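Single-letter residue listing:
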Amino acid sequence: MRYFNWLWRLCLFFLLIGFTVRNDQPVTLQYFLGFQWESSLIIVLLAFFAAGAAVGVLAMLNIVLKQRRLISRLEREVRVKTTLSRVEDAHPLPIQPS
């Protein structure tokens, strides 16, 4: 399985290198107020891919932080309950005569 994974990575790498070599034409992006950016097509694609990935990570960050807080709160509750059960086992209540 490890060799298949490396083979897959190698094939993907060569596919992306071929894509990069074939798409090196200059591209001009027009912005508002007459601003423009001229660069290679692959650089523009890479920049927008990275921006999209960053937006996706930022969108998930809130959910991940909430889950981590919940997990730490639940772990704390388990520790407290475990400690209390040990204390109750060590010091059982005396049986009251009826």
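Structure first, text after, so check above.
Quick summary incoming for the structure in this document. (Residues numbered from 1 in each chain as written. Predicted model: local features only at pLDDT ≥ 70, side-chain atom pairs only at ≥ 80, totals over all residues. Heavy atoms only, no water.)

### Section: the overall build of the chain
Keep this limit in mind: Helix and strand definitions here come from DSSP, where helices need a minimum of 4 consecutive H or I residues and strands a minimum of 2 consecutive E residues; each element is numbered from the N-terminal end. For a compact globule the rule gives 2.2 Å times the number of residues to the power 0.38, and the radius of gyration it is set against comes from C-alpha atoms. Note on exposure labels: buried denotes an accessible area under 20% of the residue type's maximum, exposed denotes more than 50%, and partly exposed covers the range between, all computed with a 1.4 Å probe on protein chains only. A contact between two residues is defined here by any heavy atoms of the two lying within 4.5 Å. Exposure was quantified through the Shrake-Rupley algorithm and a 1.4 Å probe, taking into account, for residues, occlusion by the shown protein chains and nothing else. Working convention for charge: Lys and Arg count positive, Asp and Glu count negative, and His plus the chain ends are omitted. Throughout, a charge is located at the NZ atom of Lys, the CZ atom of Arg, the CG atom of Asp or the CD atom of Glu.
If you tally the helices and strands in the chain, you get two helices and two strands. Compactness check: the chain gives a C-alpha radius of gyration of 29 Å against a globular reference of 13 Å for 98 residues, more than 25% above the reference. Relative to its 98 residues, the chain shows a buried fraction of 6%. Sequence-distant contacts, at least 24 apart, represent 3% of the contacts inside the chain between residues at least 6 apart. Surface exposure of the chain reaches about 9600 Å², of which carbon and sulfur atoms provide 70%. Distance between charge centroids for the chain: 2 Å, based on 11 positive and 6 negative side chains.

### Let's talk about the pairing of strand S2 (residues 36–40)
Note the following rule: One bridge is not enough; two strands pair if DSSP finds at least two bridges between them.
By the bridge criterion, five bridges tie strand S1 (residues 26–30) to S2 in an arrangement that is antiparallel. Within S2, the residue paired with Pro26 across the bridge is Ser40. Between S1 and S2, which pair antiparallel in sequence order, lie five residues; one of them, Leu33, sits at a positive phi of approximately 60°.

### Thoughts on unusual backbone geometry
Even without being a glycine, Leu33 presents a positive backbone phi close to 60°. Relative accessible area serves as the criterion here: at 81%, Leu33 is assigned to the exposed category.

### Quick look at the environment of Leu12
Relative to the assigned elements, Leu12 resides in helix H1 (residues 2–22). By relative accessible area, Leu12 is classed as partly exposed at 38%. The spatial distance from the C-alpha of Leu12 to the C-alpha of Ser40 is 21 Å, given a sequence separation of 28 residues.

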